[in-house]
Amino acid sequence: MGAVDLHARPSKDFEEKLAATRKLLVLAASEFAPLKQASSLGAEDVVITHLVNSLELPIPVFVLETGALHQETLDLLERTKSLSRAPVEVYRPVQESVVQFVGREGKDPMYRSIALRKECCAIRKLEPLARALEGQKAWITGLRREQSNARAEVPAIDTAEARVKINPLADWTWGDVWHYISVNQVDYNPLHDQFFPSIGCAPCTRAISLGEDFRAGRWWWEDEAAKECGLHVKNEDKVTA
Ligand code: SF4
């Protein structure tokens, strides 16, 4: 059974949520430009890219190609690049930094300590993210309140930091996300069919079992509280970046 069959269960007020999401994206394009959509090519992000394209909004999509993504994700990236109406930008880490880090610490040092995991994320994600967002007034993410306790308060428009964060799916359920994918035949990462709810770098993502938390498949060897890569950590909590 695939992810669509397993998860596509819309909320009773799905149509109202969808209308509000469309309205928010249109507003964001006019009020918060220049802005971009950050995409990990996970289920939420392919929904947002589909909405941006169907609304014909001038919002580019960017993907952080960390050099450690699954082949399935790279394949989806290629398909997205060729089919998306909105420009798809790819940001990669500085090769020299990766070579030095791997040379010094070995191939998968993230399992040895939180500090090394954060250093890897800083090189492969945070530095490219800073480049991707240079000059942008706002960015769009696929954060949802349901994803984890740490995200339970995510607002639709987050003005807590200098760069505004727009979270158009903040109140969507996992069932809403998959209902949209199903109804609109949105192309998605086949890893979702293998019980990966949250998709990141290959060494740091695993499938989850029934009943496990959404984020249980990310950095599963660490404490729950440490499980953000810095992309969505408030300034005061940042250890790296
Ligand atoms: S998620 Fe893992 S592989 Fe990817 S940048 Fe962070 S530590 Fe490195």
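For the structure, see preceding data.
Report on the accompanying structure.

Under the definition given, this model contains five aromatic pairs. Ring geometry for Phe14 and Trp172: centres 5.3 Å apart, planes at 70 degrees, overall edge-to-face. Highlighted residues: Phe14 in helix H2 (residues 14–31) and Trp172 in the loop between strand E6 (164–166) and helix H7 (174–184), separated in sequence by 158 residues. Of the two residues, Phe14 and Trp172, neither departs from the other in class, the shared state being buried. Relative to Tyr188, the ring of Trp178 lies with its centre 4.8 Å away and its plane at 85 degrees, an arrangement referred to as edge-to-face. Linking Trp178 in helix H7 with Tyr188 in the segment after H7, this pair joins segments that are ten residues apart in sequence. As far as burial versus exposure is concerned, Trp178 and Tyr188 are alike and both buried. Through a chain of ring-to-ring contacts, three or more aromatic side chains come together here, namely Phe14, Trp172 and Tyr180.

With that settled, consider H2. Along its 18 residues, H2 runs 25 Å from first to last C-alpha, staying within 8% of the 26 Å computed at 1.5 Å per residue. Along H2, the residues that are buried comprise Phe14, Lys17, Leu18, Thr21, Leu24, Leu25, Ala28 and Ala29. Relative to the axis of H2, the buried residues are bounded by an arc of 130 degrees and lie together on one face. Seen from the open side of H2, the exposed residues pointing more than 90 degrees away from its buried face are Glu15, Glu16, Lys23 and Ser30.

Another point: empty space enclosed by the protein. Scanning the entire structure with this criterion turns up two cavities of 30 Å³ or more. If you add up the space inside the second largest cavity, you get close to 90 Å³. If you trace the second largest cavity, you find it lined by Ala68, Met110, Arg117, Cys120, Cys121, Arg124, Lys125, Cys201, Pro203, Cys204 and Trp219. Here the residues of the lining of the second largest cavity are counted per class, giving eight nonpolar, no polar and three charged.

In space, the six strands of this open sheet follow the order E3-E2-E1-E4-E6-E5, with mixed pairing throughout. The open sheet terminates on both sides in strands that have one partner only, identified here as strand E3 (88–91) and strand E5 (157–158). In the sheet, strand E1 (residues 35–39) pairs with strand E2 (residues 61–64) via three bridges, with the strands oriented parallel. The residue bridging Ser39 from the neighbouring strand is Val63, located in E2. Taken strand by strand, helix H6 (residues 114–133) contacts E1, E2, E3 and strand E4 (138–140), and its axis lies near 160 degrees from that of E2.

Next up on the list: the pairing of E2. The alternating pattern of E2 places Val61 and Val63 and Phe62 and Leu64 on opposite faces, both of which are buried. Crossover handedness for the path E1 to helix H3 (residues 43–54) to E2: right-handed. After leaving E2, the chain enters helix H4 (residues 71–83) and then returns to the sheet as E3, a path that is right-handed.

Moving on: the site of the ligand. Near the ligand, the surroundings consist of Met110, Arg117, Cys120, Cys121, Arg124, Lys125, Cys201, Cys204 and Trp219. The site holding the ligand turns out to be the second largest cavity. The residue makeup of the shell around the ligand, split by class, is six nonpolar, no polar and three charged.

Parameters and conventions
- Residues numbered from 1 in each chain as written.
- Predicted model: local features only at pLDDT ≥ 70, side-chain atom pairs only at ≥ 80, totals over all residues.
- Heavy atoms only, no water.
- Phe/Tyr/Trp six-rings, centres within 6.5 Å; stacked < 30°, edge-to-face > 60°.
- Helix = DSSP H or I, 4+ residues; strand = E, 2+ residues; numbered from the N terminus.
- Buried < 20%, exposed > 50% of the residue type's maximum accessible area, 1.4 Å probe, protein only.
- Expected span 1.5 Å × (residues − 1).
- Arc of directions from axis to C-beta.
- 1 Å grid on protein atoms, 1.4 Å probe; cavity = no way out; pocket = protein on both sides within 12 Å on 5 of 7 lines; lining within 4 Å.
- Points joined across faces, edges and corners; volume = space filled by probe spheres on them.
- Nonpolar A, V, L, I, M, F, W, Y, C, P; charged D, E, K, R; others polar.
- Pairing = 2+ DSSP bridges.
- Contact = heavy atoms within 4.5 Å.
- Axes fitted to C-alpha atoms, helices over the stretch in contact; angles between N-to-C directions.
- Right-handed = clockwise from strand over helix to strand, strands pointing away.
- Near = heavy atom within 4 Å.
- Sits in = over half its atoms within 2 Å of the grid points.

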